[in-house]
Amino acid sequence: MTARAVEIAGVGKSFDDTVVLTEIDLHVTPGQSVALLGPSGCGKTTLLRVVAGLERPDAGAITIGDTRMAGPGTWVPPEKRNVGMVFQDWALFPHLSVGRNVGYGLPRAERDGPRVTEALAMVGMTGLEDRMPDTLSGGQQQRVALARAIAPRPSVLLLDEPFSNLDTALRVDVRSEVHRLLVELGITSIFVTHDQEEAFVLGDRVAIMNDGILEQVGTPYEIYRDPVSPWIASFVGDVNLIDADANGLVAASPIGDLPLRGHRRGPVRVLVRPEALRLTSGDTAEVRLVEFYGHDMMVTVGAPSGELSVRVSASSVIERGDRVGVEYVGDPTVAFDRP
Ligand code: ATP
């Protein structure tokens, strides 16, 4: 399987009068996994379908490897793009055996050959060729669907909300399995999700979409740490936004000075993640809510800067009504314009 790059350049798409994608630029390097993350209806699936060739872009171009697949005067149909697709329901053909399902996308001559066995081995399903789909567990069915998508040796794998129909426990297991497989196969993949955790866990890079626009692309770390807007900051994690007065690399706030990553001056709104705060033995804030998550706890306090979320160790002894202080202990952070 040769991983190829995917280049999405200036892609636009409308349905009737509704603009669904606006000038999308995204480069996926060979072997990389990119998550398209955004709220419902923001255009993620449409972008994936444009890459697959199931929709024609109105503007821009799609290139896979060295081949222009779509663009002015160019159109390569989906079956000629060497792209594997896995859909939300992973639908297997119920009347076909596992082996027949996996061989479905292969040339006729290869359907009974070693490629089917090979693809099943890649997903840890050796020897199950003759089973019927309804005799498999949900997780096994998904692995068969993945084997079917990778059997024709696609250079790119596209996955549309592949885990959304699974219950929580199975979702985490299947997600880890698929993650391991994608890493082992070294295949270029683009997948759609509206789940931030899924995007962060599976994506080497995450592309955040909103309302048909690609708002930010970066590693999960970059997006979490350096979101370009308050909307993205809160879309990818818990946030406190604290009003402060910036003076160079520091902003004065009601809970003390907050270190900034870039020089700013005047009124700003500073991004403070709950784990960047620490409760102290002070007396400036009151504990209003304690939520236990097992690995840690989230404490809501009423502080001079307004209500704040503070992540604390699960072993902290803390109760509603306690008087505490709040201190910033994180790295220099980002400041947004104050509206
Ligand atoms: P979700 O997470 O809910 O699947 P999404 O981000 O994948 O959402 P899309 O499915 O790409 O969003 O849809 C984007 C917008 O385009 C929506 O408003 C949708 O109604 C519209 N749309 C999608 N396909 C068509 C179509 N074939 N004809 C008309 N409108 C469409």
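So, how was this worked out
Residues numbered from 1 in each chain as written. Predicted model: local features only at pLDDT ≥ 70, side-chain atom pairs only at ≥ 80, totals over all residues. Heavy atoms only, no water. Helix = DSSP H or I, 4+ residues; strand = E, 2+ residues; numbered from the N terminus. Contact = heavy atoms within 4.5 Å. Areas by Shrake-Rupley, 256 points an atom, 1.4 Å probe, with all protein chains shown as cover. Lys, Arg positive; Asp, Glu negative; His and termini not counted. Charge placed at Lys NZ, Arg CZ, Asp CG, Glu CD. Salt bridge = Lys/Arg side-chain N within 4 Å of Asp/Glu carboxyl O. Buried < 20%, exposed > 50% of the residue type's maximum accessible area, 1.4 Å probe, protein only. Pairing = 2+ DSSP bridges. Core = buried A, V, L, I, M, F, W, Y, C linked by side-chain atoms within 4.5 Å. pLDDT = per-residue confidence, 0-100. Phe/Tyr/Trp six-rings, centres within 6.5 Å; stacked < 30°, edge-to-face > 60°. Lys NZ or Arg CZ within 6 Å of the ring centre and 35° of its normal.

A. Structural view of the overall build of the protein chain. If you tally the helices and strands in the protein chain, you get eight helices and 18 strands. For the C-alpha atoms alone, the extent of the protein chain along its principal axes is close to 75 × 45 × 35 Å. If you take every contact in the protein chain between residues at least 6 apart in sequence, the share linking residues at least 24 apart comes to 63%. Counting every atom, the protein chain has about 15,900 Å² of accessible surface; 49% of that belongs to carbon and sulfur. The distance from the centre of the 32 positive side-chain charges to the centre of the 45 negative ones in the protein chain is 4 Å.

B. Highlighting the pattern of salt bridges. If you walk through the whole model with that rule in mind, you get 20 salt bridges. Where Asp-243 meets Arg-269, a salt bridge forms, and the shortest distance between an N and an O atom there is 2.6 Å. Note that Asp-243 is positioned in strand β12 (residues 240-253) and Arg-269 in strand β13 (residues 256-272), a separation of 26 residues in sequence. Asp-243 gets classed as partly exposed once you look at its relative accessible area, which sits at 31%. Take Arg-269: its relative accessible area is 24%, and that puts it in the partly exposed class. The residue Glu-275 makes a salt bridge to Arg-311 at a minimum N-O spacing of 3.5 Å.

C. Main features of the pairing of strand β3 (residues 33-37). With five of its five residues buried, β3 lies for the most part within the structure. Burial along β3 is two-sided: the face carrying Ser-33, Ala-35 and Leu-37 and the face carrying Val-34 and Leu-36 are both buried. Summarising the sheet, β3 and strand β9 (residues 188-193) pair through five bridges and their orientation is parallel. By the bridge assignment for β9, Ser-33 is matched with Ser-189. The pairing of β3 with strand β10 (residues 205-210) spans four bridges and is classified as parallel. Bridge assignment links Leu-37 to a residue of β10, and that residue is Ile-208.

D. Geometry of helix α1 (residues 44-52). Burial analysis of α1 places seven of its nine residues in the buried class, the great majority of the element. Along α1, the residues that are buried comprise Lys-44, Thr-46, Leu-47, Leu-48, Val-50, Val-51 and Ala-52. Gly-53 lies just past α1 and shows a positive phi near 95°.

E. Quick look at the nonpolar core. In terms of nonpolar packing, the biggest core is built from 40 residues, with Val-102, Leu-146, Leu-157 and Val-206 touching the most fellow members. Elements supplying a minimum of two residues to this core: β3, α2 (98-103), α3 (114-122), α4 (138-150), β8 (156-160), α5 (168-185), α6 (196-202) and β10. Broken down by element, the residue count for this core peaks at six residues, all from α4.

F. Spotlight on the environment of Pro-133. Structurally, Pro-133 can be placed in the loop between α3 and α4. Residue classification places Pro-133 among the buried residues on the basis of a relative accessible area of 6%. For the pair Pro-133 and His-95, spaced 38 residues apart in sequence, the C-alpha separation works out to 8.0 Å. Excluding anything up to four places from it in sequence, Pro-133 contacts Leu-92, Phe-93, Pro-94, Leu-96, Asn-101 and Gln-141.

G. Structural view of the pairing of strand β1 (residues 6-15). As paired strands, β1 and strand β4 (residues 59-64) are joined by five bridges and run antiparallel to one another. Paired with Ala-9 across the bridge in β4 is Ala-61.

H. Geometry of the confidence of the model for the protein chain. Summary statistics for the protein chain give a mean pLDDT of 92 and a share of 99% for residues scoring 70 or more. For the protein chain, per-element mean pLDDT is lowest for α5, which scores 81, and highest for strand β11 (residues 213-218), which scores 98.

I. Representation of the packing of aromatic side chains within the structure. In the structure shown here, the tally under the stated rule is three aromatic pairs. Relative to Tyr-224, the ring of Phe-200 has its centre 6.5 Å away and its plane inclined at 80°; by these criteria the two rings are edge-to-face. With Phe-200 in helix α6 and Tyr-224 in helix α7 (residues 220-225), the pair connects residues that are 24 residues apart, well separated along the chain. Residue placement shows Arg-81 over the ring face of Trp-75; its charged tip is 4.7 Å from the ring centre. Over the aromatic face of Tyr-224 sits the side chain of Arg-273, whose NZ or CZ is 4.0 Å from the ring centroid.

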